[in-house]
Amino acid sequence: MNTPETDPTAALAALYDPDPLALSRLRDSLVGAAASADLLDVAYRTIDSPVGTLLLAATEQGLVRVAFDIEDHDLVLVGLADKISPRVLLAPRRLDDAARQLSEYFDSRRMSFALPLDFRLATGFRRSVLAHLPEIAYGHTESYSQVALAAGSPRAVRAVGTACASNPIPIVVPCHRVVRSDGSFGNYRGGPAAKSLLLQLERAAAQ
Amino acid sequence: MSKAPFEAIVENHGATVLRVCRAVVGFHEAQDAWSETFLAALRAYPELPAGANIEAWLVTIAHRKAIDITRARARSPVPVDEPPDTRSTVGLPAAPNPIWAEVAALPNKQRQAVAYHYLAGLPYQQVADIIGGSADAARRAAADGISTLRRNYPRTQQKAGNR
């Protein structure tokens, strides 16, 4: 141990006290002040789910991103800072509704979501594919070519695959209900196990 | 180069900025200074050049906010109770360590130099850029401040009782 006589910073040891309680209060009030000042461009939180920890992010317009564990949440946040705004804060309250509806969905008590969505991370054809997906009923599936037909471009089967694989709001926008014509699952942002779990959950609940 | 989400800035620098605010405007007004600093930083963050020195940027904002708060305090002085001669022995968790009172008693420049160099870790040149004057003057102010704190430290500890 250094004594105050030999180490000037020892006199300051108490000044370095991190005071986590004061800090967490300050961070909470910053989130509130940021929201009132229209500076909370991207709010996020995480929730636990049967498909792993999910990151939820919302702009002022609505839910903009749902990300699986395997996507690396830190990277996802950097991506949001890049593509939307670096004003990104951990602010659970804006996502209370989304968190509650997702938890009801995983408890098989909810078959469709009623949330404002922000599709800014999907453009053009991809967005029209995503717009069609909520029309696929809970517990049912469509093939990539059926979705291509519904989106108005029957030959764009591969593009439908890309649109589904890059869906920024999975689960809520049910790209997991799009499967290959032979009945196999196809690619999924959350991995094949997550896709299979969601489809089984819906099939069991729909019966 | 992409910019870190602002949450990471709060996570990485929040504690340092709180220390700096406590040293510069005092323990109790530090909360306001901290909040105003981070709200101003959040507002300006998209325009901050990528690769900028975040700590120096935040300390510069905190320095300006501290000046605003000190000026506002001077314009409309709020009645404050005389500090008690003896401290509570109950040891309320919210009671600041008496070292903060010693910091508050330092002359302005010394207090700022100690805060920005010792608490925020900025080199003397950057400290000088913020508080004015030369790097040497900043070094002397920090050294004088520290030696006063060091001299008063045993007394402070006695006052604090069996901490």
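Parameters and conventions
Residues numbered from 1 in each chain as written. Chains lettered and ligands numbered in written order. Predicted model: local features only at pLDDT ≥ 70, side-chain atom pairs only at ≥ 80, totals over all residues. Helix = DSSP H or I, 4+ residues; strand = E, 2+ residues; numbered from the N terminus. Buried ≥ 20, exposed ≤ 12 C-beta atoms within 10 Å, placed from the backbone. Contact = placed C-beta atoms within 7 Å. Rg over C-alpha atoms; globule rule 2.2 N^0.38 Å. Axes fitted to C-alpha atoms, helices over the stretch in contact; angles between N-to-C directions. Parallel < 35°, antiparallel > 145°, perpendicular 65-115°, else oblique. Left-handed = near helix turned anticlockwise from the far one by under 90°. Nonpolar A, V, L, I, M, F, W, Y, C, P; charged D, E, K, R; others polar. Domains from an automatic or database assignment. Pairing = 2+ DSSP bridges.

A closer look at the overall build of chain B
A tally of helices and strands in chain B yields 7 helices and 0 strands. Walking chain B from its N terminus toward its C terminus, one meets helices and strands in the order α-α-α-α-α-α-α. The buried share of chain B, taken over its 163 residues, is 36%. Restricting to contacts in chain B with at least 6 residues of sequence separation, those with at least 24 account for 71%.

Examining the overall build of chain A
When helices and strands are tallied, chain A shows 7 helices and 6 strands. On C-alpha atoms alone, chain A measures out to a radius of gyration of 22 Å, which is more than a quarter above the 17 Å that the 2.2 N^0.38 rule sets for 207 residues. The C-alpha extent of chain A, read off along each of the three principal axes, is 80 × 35 × 30 Å.

With respect to the packing of helix α1 (residues 6-25) of chain B against helix α5 (residues 108-119) of chain B
All names here are of chain B. Remark: α1 packs on α5, axes separated minimally by 9 Å, with the N-to-C direction vectors making an angle of 165 degrees. Overall, the two elements α1 and α5 adopt an arrangement that is roughly antiparallel. When you trace α1 past α5, the crossing you get is right-handed. Contacts between α1 and α5 involve Thr16, Arg19, Val20, Ala23 and Val24 from the first element and Arg111, Gln112, Val114, Ala115, Tyr116 and Leu119 from the second. Taken together, the residues of the contact of α1 with α5 break down into 7 nonpolar, 2 polar and 2 charged.

Some points on the domain arrangement of chain A
Residue and element names in this part refer to chain A. Looking at chain A, the domain boundaries give domain 1 (19-106) and domain 2 (124-206). Contacts between the two partners involve 10 residues from domain 1, matched on the other side by 11 residues from domain 2. The greatest single-element share of the side of domain 1 that touches domain 2, amounting to 4 residues, is contributed by strand β3 (residues 63-67). Residues of the side of domain 1 that touches domain 2, tallied by class, amount to 8 nonpolar, no polar and 2 charged.

Comments concerning the packing of helix α2 (residues 30-44) of chain B against helix α3 (residues 54-75) of chain B
Residues and elements named next belong to chain B. Direction vectors running N to C along α2 and α3 enclose 130 degrees, while the axes themselves pass 9 Å from each other. If you check the angle between α2 and α3, you find them oblique. Two packed elements cross with a definite hand, and for α2 against α3 that hand is right-handed. Contacts between α2 and α3 involve Asp32, Ala33, Glu36, Thr37, Ala40 and Ala41 from the first element and Leu58, Ile61, Ala62, Lys65, Ala66 and Ile69 from the second. Split by residue class, the contact of α2 with α3 holds 8 nonpolar, 1 polar and 3 charged.

A look at unusual backbone geometry
Residues and elements named next belong to chain A. Despite not being glycine, Asp19 shows a phi value in the positive range, around 50 degrees. Along the chain, Asp19 turns up in the segment before α1 (20-36). Judged by the 17 C-beta atoms lying within 10 Å of it, Asp19 falls in the partly exposed class. Despite not being glycine, Asp72 has its phi angle at roughly 70 degrees, a positive value. Of note, Asp72 is situated in the loop between β3 and α2 (73-83).

Here's the deal with the interface of chain B and chain A
Between chain B and chain A, the residue contacts involve 31 residues of the former and 31 residues of the latter. Only α1, α2, α4 (99-104), α5 and α7 (135-160) of chain B provide two or more residues apiece to the side of chain B that touches chain A. At 8 residues, α1(B) tops the list of elements feeding residues into the side of chain B that touches chain A. The class makeup of the residues in the side of chain B that touches chain A is 21 nonpolar, 5 polar and 5 charged.

Things to note about the sheet that holds β3(A)
Residues and elements named next belong to chain A. With respect to topology, 4 strands assemble into an open sheet ordered β3-β2-β1-β4, the strand pairing being mixed. Each edge of the sheet is formed by a strand with only one pairing partner; in this case those strands are β3 and β4 (88-90). On average, adjacent strands in this sheet sit at an angle of 25 degrees to one another, irrespective of strand direction. Where strand β1 (residues 42-47) and strand β2 (residues 54-58) come together, 5 bridges link them in antiparallel fashion. In the strand pairing of β2, Ile47 is matched with Leu54.

With respect to the pairing of β1(A)
Residues and elements named next belong to chain A. With 3 bridges joining them, β1 and β4 adopt parallel strand pairing. Looking at the pairing, Ala43 lines up with Leu89 of β4. Between β1 and the antiparallel strand that follows it, β2, lie 6 residues; Gly52 among them carries a positive phi value of about 95 degrees.

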